[in-house]
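Here's the letter readout for the chains.
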Amino acid sequence: MPDLSRDVVIVGAGVTGLTAARRLRRAGLSVLVLEARDRVGGRLWTNSIDGQLYEIGGQWVSPDQTALIETLDELGLDTYSRYREGESVYIGADGVTHRYVGATFPASESTQQEFDRLVALMDELTAEVDPASPWEHPNAAEYDRISFRQWLSEQTDDEETIENIALFIADAMLTKPAHSFSLLQALLMAASAGSFSHLVDADFILDKRVVGGLQQVPLRLAAELDDDVVLGAAVDTIEWTDDSVRIVSSSAQLTVTARAAIVAVAPNLQAVIAYEPPLPRLRHQALQHQSLGLVIKVHATYPTPFWRSDGLSGTAFSPYQLVHEVYDNTNHGETQGTLVGFVSDEKADGVFSLDADERKAEVLASLAAYLGPQALEPTVYYESDWAAEEWTRGAYASSFDLGGLTRYGALQLEPVGPIRFGSSDVAGHGYQHVDGGIRVGWRLADEIIDDLQQHTTPHQGALT
Ligand code: FDA
């Protein structure tokens, strides 16, 4: 088994691990990135399905995601706007399909008033929360004790308002039922995007896409690192002392000795690695209180974007539909039309109990309820199923259970000996998004650079 040696070894070639590796390399440190899969990018994966290019994982870029935008510029990647001309569609509790323009969905006047009031309240509370340390808010313990759903039902009796406010955090972001996470977790999600209003505004949060696909970010970062990224190298064991690590990958038949390590994988997969000696007790506990949500990302391509000629933008949503949100996802420069839709948490559980043909029929019926019967007959259809992927196990990202954020949140930032942990799942601006992963990668690299600078003896030579 070859035993390699580097200044820093990184577990995981997602955007977080590769961003950190690039920064460390630029500071003069030697790095090795070990990736379990046979590709880089993790939750970013642009792939051809039956000849049609799909973003199987993450794809959108919003204006506040300045770390991602800076990285796209550095890597020479162009963006384009999501198609949004024409009317949007909303389906209400009564099952009636409404077409509308503007930001406010069509509901009764009283529901619209309640919805606007709760958006303003959420914005007010969100503004008080620092996304990098939500546990420090003066009311953190109180906000972390109550489920988001329960809190919403204490604010209003209007069920349609509750369902719609919940949708923008529960179905659309954390991809967990609103009764399973706290108000504080919901406020973190909103604060990480700048405000709750940003999450409600699809034109903001789902603004741009990358020409050729967002996986080009990790692909280009990895190309710079060349042979210092090893694929098919699942890390099983990390042995550590105060100032060194030895990492074992049985699948790649190699070991790596280094002065520091970054475990750049989501918390659920941090827990799958064996540590010798074991991680501290609280860290073991913390990792059991964070879990990934569940969402099916559905792609359907048609000979033309038929909804456009009907005056529709392709944007549609409803808390009462199987597919709770739909967008025109036609790739840059293509004449065929593509829709993307999302089936979240308990609704996903429901359709995963069906066979593939029945599930497809239910999903397409939901698309047709929004956009008409032509949606029933795509030429290409695909479901991104990240929960079935051994090296991810859910989508989009991780969040804490009730009370977990205040109890364990701050631990996410702490190293264990020479090992640092992080991914886009750490609280902060861009949380759960590629932008957050890049910020975490920068922070972890900077911490290691500082740390090794302090501990570098003249003969070691790094950082000189
Ligand atoms: P990520 O999980 O990507 O990388 C970790 C890597 O570690 C993986 O490559 C994995 O294989 C590897 N690994 C795990 N265990 C290992 C081990 N033991 N040994 C070696 N390697 C190991 N974001 C956004 O900004 N805009 C969007 O539109 C979307 N939409 C979206 C849709 C879907 C369907 C998904 C699944 C996700 C998104 N996201 C998103 C979220 C975004 O994709 C995500 O936050 C980041 O890509 C996560 O990057 P990380 O590098 O932090 O983790």
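Calculation rules
Residues numbered from 1 in each chain as written. Predicted model: local features only at pLDDT ≥ 70, side-chain atom pairs only at ≥ 80, totals over all residues. Heavy atoms only, no water. Helix = DSSP H or I, 4+ residues; strand = E, 2+ residues; numbered from the N terminus. Rg over C-alpha atoms; globule rule 2.2 N^0.38 Å. Buried < 20%, exposed > 50% of the residue type's maximum accessible area, 1.4 Å probe, protein only. Contact = heavy atoms within 4.5 Å. Areas by Shrake-Rupley, 256 points an atom, 1.4 Å probe, with all protein chains shown as cover. Lys, Arg positive; Asp, Glu negative; His and termini not counted. Charge placed at Lys NZ, Arg CZ, Asp CG, Glu CD. Core = buried A, V, L, I, M, F, W, Y, C linked by side-chain atoms within 4.5 Å. 1 Å grid on protein atoms, 1.4 Å probe; cavity = no way out; pocket = protein on both sides within 12 Å on 5 of 7 lines; lining within 4 Å. Points joined across faces, edges and corners; volume = space filled by probe spheres on them. Nonpolar A, V, L, I, M, F, W, Y, C, P; charged D, E, K, R; others polar. Salt bridge = Lys/Arg side-chain N within 4 Å of Asp/Glu carboxyl O. Pairing = 2+ DSSP bridges. Axes fitted to C-alpha atoms, helices over the stretch in contact; angles between N-to-C directions. Near = heavy atom within 4 Å. Polar contact = N/O pair within 3.5 Å; in protein donor to acceptor, adjacent residues only side chain to side chain. Domains from an automatic or database assignment. Parallel < 35°, antiparallel > 145°, perpendicular 65-115°, else oblique. Left-handed = near helix turned anticlockwise from the far one by under 90°.

- In the nomenclature of an unreviewed UniProt entry, the chain corresponds to FAD-dependent oxidoreductase from the organism Naasia lichenicola.

## A word on the overall build of the chain
- Check the secondary structure of the chain and you find 17 helices and 21 strands.
- Taken over C-alpha atoms, the radius of gyration comes to 22 Å for the chain, in line with the 23 Å a tight globule of 464 residues would show.
- C-alpha extents for the chain along the principal axes are approximately 75 × 50 × 40 Å.
- Out of the 464 residues belonging to the chain, those deemed buried represent 58%.
- Intrachain contacts of the chain at a sequence separation of at least 6 include 73% that bridge at least 24 residues.
- Here the chain has roughly 18,000 Å² of accessible surface; of this, 49% comes from carbon and sulfur atoms.
- Of note, the chain has its 32 positive side-chain charges centred 5 Å away from the centre of its 67 negative side-chain charges.

## Concerning the nonpolar core
- Judged by nonpolar contacts, the single largest core of 61 residues is most densely connected at Phe148, Ile169, Phe196 and Leu199.
- Residue contributions to this core peak at nine residues, all from helix α6 (residues 159–174).
- Apart from the residues lying within four places of it in its own chain, the contact partners of Leu199 are Phe168, Ile169, Met173, Met189, Ala190, Ala193 and Ile205.
- Judged by nonpolar contacts, the second largest core, of 38 residues, contains Val33, Leu68, Ala260 and Val426.

## So, the layout of surface pockets
- Quantified by volume, the second largest pocket comes out at close to 230 Å³.
- Along the wall of the second largest pocket there are 15 residues; nearest its centre are Glu163, Asp171, Pro177, Ala178 and Asp345.
- Listed by contribution, the elements that provide at least two residues to the lining of the second largest pocket are α6 and α14 (345–352).
- Here the lining of the second largest pocket gets five residues from one element, more than from any other, and that element is α6.
- Taken together, the residues of the lining of the second largest pocket break down into six nonpolar, two polar and seven charged.

## Thoughts on empty space enclosed by the protein
- Counted by the stated rule, this structure contains four cavities of 30 Å³ or more.
- What lines the largest cavity is a set of 15 residues, among which Gln270, Arg283, Leu287, Gln290 and Gln412 lie closest to the centre.
- If you list the elements that add at least two residues to the lining of the largest cavity, you get α11 (267–270) and α12 (281–287).
- The leading source of residues in the lining of the largest cavity is α12, at three residues.
- Class assignment of the residues belonging to the lining of the largest cavity gives a composition of eight nonpolar, five polar and two charged.
- Roughly 40 Å³ of internal volume is contained in the second largest cavity.
- Lining the second largest cavity are Gln185, Leu188, Gln290, Ser398, Ser399, Phe400, Leu405, Gln412, Asp425, Val426, Ala427 and Tyr431.
- Those elements that provide at least two residues to the lining of the second largest cavity are α7 (183–192) and β20 (398–400).
- Considering each element in turn, the lining of the second largest cavity owes the most residues, three residues, to β20.
- Within the lining of the second largest cavity, the residues separate by chemical class into six nonpolar, five polar and one charged.

## A look at the pattern of salt bridges
- With the rule as written, the count across this model stands at 25 salt bridges.
- Ionic pairing is found between Arg259 and Asp7, a salt bridge with its closest N-O pair at 3.4 Å. Here Arg259, found in strand β12 (residues 254–263), pairs with Asp7, found in strand β1 (residues 3–11); they are 252 residues apart in sequence, far enough to count as distant. For the pair shown, Arg259 and Asp7 are each scored as buried.
- As a salt-bridge pair, Arg246 and Glu239 come within 3.0 Å of each other at their nearest N and O atoms.
- The class of Arg246 is partly exposed, set by a relative accessible area of 31%.
- Exposure remark for Glu239: the relative accessible area of 26% places this residue in the partly exposed category.
- Via salt bridges that share partners, Arg82, Arg84, Asp203, Asp207 and Lys208 belong to a single interconnected network.

## Some thoughts on the sheet that holds strand β6 (residues 87–91)
- The seven strands lie next to each other as β7-β6-β16-β17-β18-β15-β19, forming an open sheet whose pairing is mixed. Either end of the sheet is taken by a strand with one partner, and the two such strands are β7 (97–100) and β19 (380–384). Strand-to-strand, the axes of this sheet are offset by a mean angle of 20 degrees, without reference to chain direction.
- Bridge count for strand β16 (residues 312–317) against strand β17 (residues 325–328) is two bridges, and the pairing is antiparallel. Following the sheet pairing, Phe317 is matched in β17 by Glu325.
- α6 contacts β6, β16, β17 and β18 (337–344) of the sheet and is inclined by roughly 100 degrees relative to β16.
- Contacting β15 (295–302) and β18, α14 runs over the sheet at an angle of about 100 degrees to β18.

## Quick notes on the site of the ligand
- The environment of the ligand is formed by 34 residues, the closest being Thr16, Glu35, Arg43, Trp60 and Ser424.
- One of the backbone nitrogen or oxygen atoms of Arg43 is found 2.8 Å away from an oxygen atom of the ligand.
- In this structure, a nitrogen atom belonging to the ligand sits 2.9 Å away from a main-chain N or O atom of Val235.
- Across the complex, the protein chains shield 98% of the 1,000 Å² of accessible surface that the ligand would expose by itself.
- Its residues assigned to classes, the shell around the ligand shows 19 nonpolar, 12 polar and three charged.
- Taken domain by domain, the makeup of the shell around the ligand includes at least three residues from each of domain 1 (3–44 + 215–279 + 416–453) and domain 2 (45–63 + 77–103 + 201–210 + 295–393).

## Quick notes on the packing of helix α3 (residues 109–127) against helix α5 (residues 148–155)
- Look at α3 against α5: their axes get within 11 Å of each other, and the N-to-C directions meet at 125 degrees. Compared by their axis directions, α3 and α5 come out oblique. The two elements α3 and α5 meet at a crossing, and its hand is right-handed. The segment α3 lies against α5, with Glu114, Arg117, Leu118, Leu121, Met122 and Leu125 engaging Phe148, Trp151, Leu152 and Gln155.
- For the contact of α3 with α5, the class distribution of residues is seven nonpolar, one polar and two charged.

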